[in-house]
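For reference, the chains in residue letters:
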Amino acid sequence: MIRPATPADVPAIVDMIRSLAEYEKSLDKVETTAEMLHEALFGDSPAVFCHIAADGEDVAGFALWFLTYSTWLGRHGIHLEDLFVHPDHRGRGYGRELLAELARICVERGYGRLEWAVLDWNTPAIEFYHSLGAGPLDEWIPYRITGPALERLAATAGSAESTEGTRSTR
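Residues numbered from 1 in each chain as written. Predicted model: local features only at pLDDT ≥ 70, side-chain atom pairs only at ≥ 80, totals over all residues. Heavy atoms only, no water.

Caption draft 1: A look at the side chain of glutamate 101. Inspection of the secondary structure assignment puts glutamate 101 in helix H3 (residues 94-109). Glutamate 101 has contacts with Ile2 and His51, leaving out every residue within four places of it along the chain. (Helix = DSSP H or I, 4+ residues; strand = E, 2+ residues; numbered from the N terminus. Contact = heavy atoms within 4.5 Å.)

Rendered as C-alpha cells:
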C-alpha cells in the first residue's frame, strides 16, 4: 500500500535515508536528523513531501519529493529526491508503485514533469527506470554549490556593481 508519510514514519525514513546513502557510498555526508526531517515534512510551511510503501505494519520504502516549476511549460512538476525500498522488500513492485503514485499526482494536478537523478554506476536503478519508459537528460549537466563556496557566494549578495551595458575588452 502506498500512503502519505506521517510523523510516526520519520524515524523509519531517516533510517532509509542512511541506508540509501550507505549504498551510494556517501553515508559520511548525511546530516539529516529526525528533528530536521520532521520539521521539513510536517512543520509550519512544508516544502518537501513523502510517500511510504507499507507492507502490513512494516515501512518497505519511501519516495521523498518536492515541487519544481518549469518556465517553459508554465507548470509545476515533481522532483523525486530519494526513492528507496529496503532490500528485503525489493522485487515486490514497491518502487514502481511509489513512482506510479507520483505520476498520478502529476496527472491529477496538471504537473508537467516527474524528474529525478540517478548515479551513473547504479545499473539496477537505471535498468528499472528504463523499464518504466524514463530516459536520461544527456544534454543537461547538473550543478551544485554547497558548504564554504555557498557561504562565499551568499556573502556577495547585494555587493556586486551593475555590469549592465558593459562589454568585454578581450
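Picking up after the structure, the text goes on.
Caption draft 2: Expanded view of the packing of helix H1 (residues 10-23) against helix H2 (residues 34-42). Two elements in contact, H1 and H2, have axes whose closest approach is 9 Å; the angle formed by their N-to-C orientations is 115°. Considered as vectors, H1 and H2 are oriented roughly perpendicular to each other. Between H1 and H2 the crossing geometry is right-handed. On H2, the residues that touch Val10, Ile13, Val14 and Ile17 of H1 are Ala34, Leu37, His38, Leu41 and Phe42. Of the residues that constitute the contact of H1 with H2, the class distribution is 8 nonpolar, 1 polar and no charged. (Axes fitted to C-alpha atoms, helices over the stretch in contact; angles between N-to-C directions. Parallel < 35°, antiparallel > 145°, perpendicular 65-115°, else oblique. Left-handed = near helix turned anticlockwise from the far one by under 90°. Nonpolar A, V, L, I, M, F, W, Y, C, P; charged D, E, K, R; others polar.)

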